[in-house]
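# Observations on the three-dimensional arrangement
Here are the chains, one letter per residue:
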Amino acid sequence: FPSHDKFDDESEGEASKLRSQGISVIGGSEKTDRIELDRVHANKLAEACGMKVPKLHPVKSIKEAKKFLEKNKGRWVFKQMGKLDSVKGLNFVAKMDDSEDLIAYLDWLDEKWIDGIKQEFCLQEFVEGHEFACGSYWNGFEFQKDADGDEICEENWEHKPLMAGGMVRIVTGK
């Protein structure tokens with residue numbers, strides 16, 4: 001085998017470039033990067049495969065997100081998309097059934113936003129539960145194996161508290 005390099009699922013296309021040179025690479029590709037970074041695209045793909053997916057509404061600004069929430073009551077999750085996805089900590093899961101805490105967070109975020117940084121977000125219907133994923137690494141010929149020759153499978157349970165220890169207080173003024 002040629003040398004093997006690993007790439008995360010949010011590369012700048014390096015893995016695809018190396019593959020085009022005949023180098024075997026374990027990790028993401030332009031297609032998987034798009035699935036990871038473009039939540040709307042990923043949701044449409046999952047739905048096309050017959051998976052049940054939560055409602056998802058893309059927005060191009062914090063103000064647009066707030067207007068959407070004021071018209072569409074319920075519990076929502078605010079998520080960054082695109083290049084902003086690498087900036088961790090912007091996501092917010094509403095705790096209140098009417099998303100008033102999320103609206104207060106959006107007011108705060110809008111005040112703190114740095115001019116010139118593109119705003120690209122989506123609002124996702126809240127679904128109770130935990131995110132679970134599993135995966136394995138494929139080098140083009142076989143799955144990665146451990147020292148005993150057994151294929152390695154990675155389990156990933158995501159429990160996403162907000163801020164350190166899940167402790168945050170939002171004051172809405174009400």
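Nothing here was measured: the structure is a model prediction, and the numbers come from that model. (Residues numbered from 1 in each chain as written. Predicted model: local features only at pLDDT ≥ 70, side-chain atom pairs only at ≥ 80, totals over all residues. Heavy atoms only, no water.)

## Some points on the packing of aromatic side chains
The geometry of an aromatic ring pair is captured by two quantities: the separation of the ring centres and the angle between the planes. Taken as a whole, this structure holds six aromatic pairs when the rule is applied. Ring centres 5.9 Å apart and planes at 25 degrees place the aromatic pair Tyr105 and Trp108 in the stacked group. Taken together, the residues span about one helical turn, with Tyr105 and Trp108 both in helix H5 (residues 100-112) at a distance of three residues. Ring geometry for Trp113 against Phe121: centres 5.7 Å apart, planes inclined by 75 degrees, an arrangement best described as edge-to-face. Residue Trp113 shares its accessibility class with Phe121, and that shared class is buried. (Phe/Tyr/Trp six-rings, centres within 6.5 Å; stacked < 30°, edge-to-face > 60°. Helix = DSSP H or I, 4+ residues; strand = E, 2+ residues; numbered from the N terminus. Buried < 20%, exposed > 50% of the residue type's maximum accessible area, 1.4 Å probe, protein only.)

## As for the pattern of salt bridges
Across all of its chains, the model carries five salt bridges by this definition. Notably, a salt bridge pairs Lys63 with Asp110, separated by 2.6 Å at the nearest N-O pair. Placement of the pair is Lys63 in helix H4 (residues 62-71) and Asp110 in helix H5, with a sequence separation of 47 residues. With a relative accessible area of 52%, Lys63 lands in the exposed category. Residue Asp107 is joined to Lys66 by a salt bridge in which the shortest nitrogen-to-oxygen separation is 2.7 Å. Of this pair, Asp107 sits in helix H5 while Lys66 sits in helix H4, and the two are 41 residues apart along the sequence. Residue classification places Asp107 among the partly exposed positions, given a relative accessible area of 33%. (Salt bridge = Lys/Arg side-chain N within 4 Å of Asp/Glu carboxyl O.)

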